[in-house]
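One letter stands for each residue in the lines below.
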Amino acid sequence: MKQDSDAVNVPACFISNHEGFLGSIKNFIRDFVVTEIDINGQQVNTPAATHAHQTPHCAFQEKTSETSTDWKQHCSFQVIQDPDASADCRVDVTVPSPGSFDLSMILGQSVSEELEQFVVSLRDEKEEDEKPANKELSLGYFADKHQRANVHRAVRHRFPFLMTVTIQPEIRVREDPDYRELSQLVTEEEAEDFFRFIDAKVRDSSYTFQPDDNKEHRTAVHHFLSRRFGKLVETKSFNEQERTAISVRLRERGRPKKRSAEDRKEEEVYTAFTLRKENLETLEAISYMAAALGVLPSDFTYAGIKDKRAITFQSMVVKKVSPQRLKEKTAEFEKRGMRVSQVRSVSEPLRLGRLQGNHFDLVVRHLKPHGAGDTHSAADTHTRLAALVKEAVENVKARGFVNYYGPQRFGSGQSIQSDQVGLALLKEDMVNAVRLFFTPEDGDDPQSQAKRHFLQTDNAKESLALMPLSKARERLMLRALNRYGTGPDGCAQAWLSLPHSMRVFYPHAYCSRVWNEAVAHRLATLGHSARQGDLVWVQTGQNQLEDSGESSNQIHVVTGQEEQEGVYSLGQVLLPMPGNTVKYPENAMGTWYQERLARDGLEDCRFRVSSLKLNLPGCYRPLLAFLHNLSYTLQRAASGEGAGEMTGNSSRKSDGHLNVTAIEGKQDSLTLTLNFDLDTSCYATICLREIMKCDP
């Protein structure tokens, strides 16, 4: 299934016509090494790497584990990849709120499970209108004040209806009576949001309840808020569009009590470091480090997400942790497959997209020619492979590769891929989108069992009990479905329970699939040169562009005369990602987009799902991407006397030189090592696909 689905989302249309070869990647973790390149062009695992932390505002920013943001700070989509979509490549923009993180990382799995059961029992009592029994649950003993603060914040954010009490060093939780009282006046969702607003205490912030035209009811809400939170907030009713709502804002004197000099100093501490992780997702690594340091995962900032099935190096900054304290935890981190280096104090957090790109060190093993049989000797096969590798790498170095989104963008290997969920959301078919989301895999793992149970029974509560605690996204959805039901409104609430960056990923996946099909059709029908009606980026010196429609005045339509004179090359041609602000090509491709969207029932789509607060302006993406600073080595997989190698290298500044040493002696399989840099929004596996003419 994986091969078929991947083939659908990444068409078999290439820019070069060399033969290619077969091989496999990621046989070992060390075969795929990704190193972030900072804004100064330095690899972050080198002592010379430094970090600036301010970045221009972008409407969208895309992160994939094989990509980063643009070398030139252009804007692109802001999405987060499904954690289960692919172990190889993920995308993201922000660390989710503490509510999106597994509390088992902070409390331990057994205590986290006890807390979940405690919450269920409280809600059961409420549904049955039982009188509160003043139940309490001990979360354990926490000697470190930072860890206690972490527990308090994470529990309160995840469960706003609970109050945490410290009887040093023990932390206990019980239902917050104020929450119970407020939830009888407003919806539970509003009550939770209000308590999060109170806990956050963000300066100059406000919270507005849903419109309420019942004056007596508004008075009751005003009285409750004044009685319980009068020292913190002030309330007022205001009219808007003939509806009346209550707005709450923090009083000037109602901010948190004055902090000590030590507390203020701690809040202003930022420590930068380079993280080396192995076989770990970026957010998983952050959760481990946050638990060990006694801070929240949201206290960590980074420039981009990196692969799980790889060794990766990336910059990070953690707030409220001194360099010395971070260094004290290095031994604990190493037990989890993480190492920190270049630890130093900085003045601010790291911004997403604050990098130039990624450097890749890849190993392709078990090389053989396409259609290879047993008719040639090993020596002949090796000689032929040497020629095939040289031709392929030199071709892609010179001509680039088709800038497809990789299969991991769509959930590589899944029964139902993310773009199908996205199509259902764009059609505002909430129920079908939920059922597609919960389509299980063929296996019998706990997650698939829970999904299967939900589809068979429509029982969200029972499915939630079966769903592993580590599946935060699925659990958020099931919890909302249990509360609001599995009808259209309930399913919409389930999608709203996810952070915006998670929700928007699915429609973006659909648009990415359309873009992949568009570029294949463009190359097949209009050829490999810029044609009249194509879109190009008019500014010079730009390596990459993925911009929102706001900059459409910088997009130029190729004229007939410019086509004849060859003013623009194929490498300058852009294709739009579908959206509500982009300009479409003024040639046959414009018609193709209309027909393609109509085929999926989106001929009148506004690329806006108001009920889910989703808006897709669209963007522009170059047809081609290019390698930089390429070098490669072809050698025998096993060492032995007489083993030979072929090496080549190139850079932006020179054409490089290729040396070939005769491959003689021990007849072992060949291994290709590739080292190169990629601009943002470019996938290393797609580059390999162009080189090898197959899915690696």
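Below you will find a few notes about this structure. Note that the coordinates shown come from a computational prediction; the quantities given were computed from them, not determined experimentally.

The rules behind the values
- Residues numbered from 1 in each chain as written.
- Predicted model: local features only at pLDDT ≥ 70, side-chain atom pairs only at ≥ 80, totals over all residues.
- Heavy atoms only, no water.
- Helix = DSSP H or I, 4+ residues; strand = E, 2+ residues; numbered from the N terminus.
- Buried < 20%, exposed > 50% of the residue type's maximum accessible area, 1.4 Å probe, protein only.
- Contact = heavy atoms within 4.5 Å.
- Areas by Shrake-Rupley, 256 points an atom, 1.4 Å probe, with all protein chains shown as cover.
- Pairing = 2+ DSSP bridges.
- Axes fitted to C-alpha atoms, helices over the stretch in contact; angles between N-to-C directions.
- Left-handed = near helix turned anticlockwise from the far one by under 90°.
- Nonpolar A, V, L, I, M, F, W, Y, C, P; charged D, E, K, R; others polar.
- Salt bridge = Lys/Arg side-chain N within 4 Å of Asp/Glu carboxyl O.
- Polar contact = N/O pair within 3.5 Å; in protein donor to acceptor, adjacent residues only side chain to side chain.

## Considering the overall build of the chain
And then number 1: On a plain count of helices and strands, the chain comes out with 22 helices and 25 strands.
And then number 2: Relative to its 696 residues, the chain shows a buried fraction of 55%.
And then number 3: The contacts in the chain between residues at least 6 apart in sequence include a share of 73% that link residues at least 24 apart.
And then number 4: Split by element, the accessible area of the chain, about 30,000 Å² in all, is 46% carbon and sulfur.

## Observations regarding the sheet that holds strand β3 (residues 136-141)
And then number 1: Read across the sheet, 3 strands follow the order β3-β5-β4 without closing on themselves; strand pairing throughout is antiparallel. Looking at which strands have only one partner, the edges of the open sheet turn out to be β3 and β4 (162-167). Strand-to-strand twist across the sheet, computed as the mean angle between neighbouring axes with direction ignored, equals 25 degrees.
And then number 2: In this fold helix α4 (residues 145-158) packs onto β3, β4 and β5 (170-175), with an angle of close to 165 degrees to the strand it touches most, β4.

## Considerations on the packing of helix α17 (residues 472-484) against helix α18 (residues 488-496)
Two numbers describe a pair of packed helices, the interaxial angle and the distance between the axes.
And then number 1: Their axes nearest at 8 Å, the elements α17 and α18 cross at an angle of 145 degrees. Crossing of α17 over α18 shows right-handed handedness. Across the interface between the two elements, M477, A480, L481 and Y484 from α17 touch G490, C491, Q493, A494 and W495 from α18.
And then number 2: Among the residues forming the contact of α17 with α18, the class breakdown is 7 nonpolar, 2 polar and no charged.

## Focus on the environment of F505
And then number 1: Tracing the chain through its elements places F505 in helix α19 (residues 500-526).
And then number 2: Residues F505 and D419, spaced 86 residues apart in sequence, show a C-alpha to C-alpha distance of 8.9 Å.

## Things to note about the pattern of salt bridges
And then number 1: Under the counting rule described, the total for this entry stands at 30 salt bridges.
And then number 2: For E36, the salt bridge is made with K306, and the minimal N-O distance between the two is 2.8 Å. Placement of the pair is E36 in strand β2 (residues 32-37) and K306 in the loop between β10 (300-302) and β11 (311-319), with a sequence separation of 270 residues.
And then number 3: Given a relative accessible area of 1%, E36 falls into the buried group.
And then number 4: Measuring nitrogen to oxygen at the nearest pair gives 3.3 Å for the salt bridge that ties E517 to R513. Highlighted residues: E517 and R513, both in helix α19, separated by 4 residues, approximately one helical turn.
And then number 5: The structure contains a network of salt bridges with shared partners spanning D419, R513, E517, R596 and D600.

## As for the side chain of N675
And then number 1: Inspection of the secondary structure puts N675 in strand β25 (residues 670-678).
And then number 2: N675 sits in the buried class, given a relative accessible area of 18%.
And then number 3: For N675, the side chain forms a polar contact with the side chain of D361, separated by 2.6 Å.
And then number 4: With sequence-adjacent residues up to four places away left out, N675 is seen in contact with H359, F360, D361, N629, L630 and S631.

## Observations concerning helix α13 (residues 418-426)
And then number 1: For α13, a buried count of 8 out of 9 residues is recorded, marking the element as mostly surrounded by other parts of the structure.
And then number 2: Residues of α13 that are buried include every one of S418, D419, V421, G422, L423, A424, L425 and L426, and no others.

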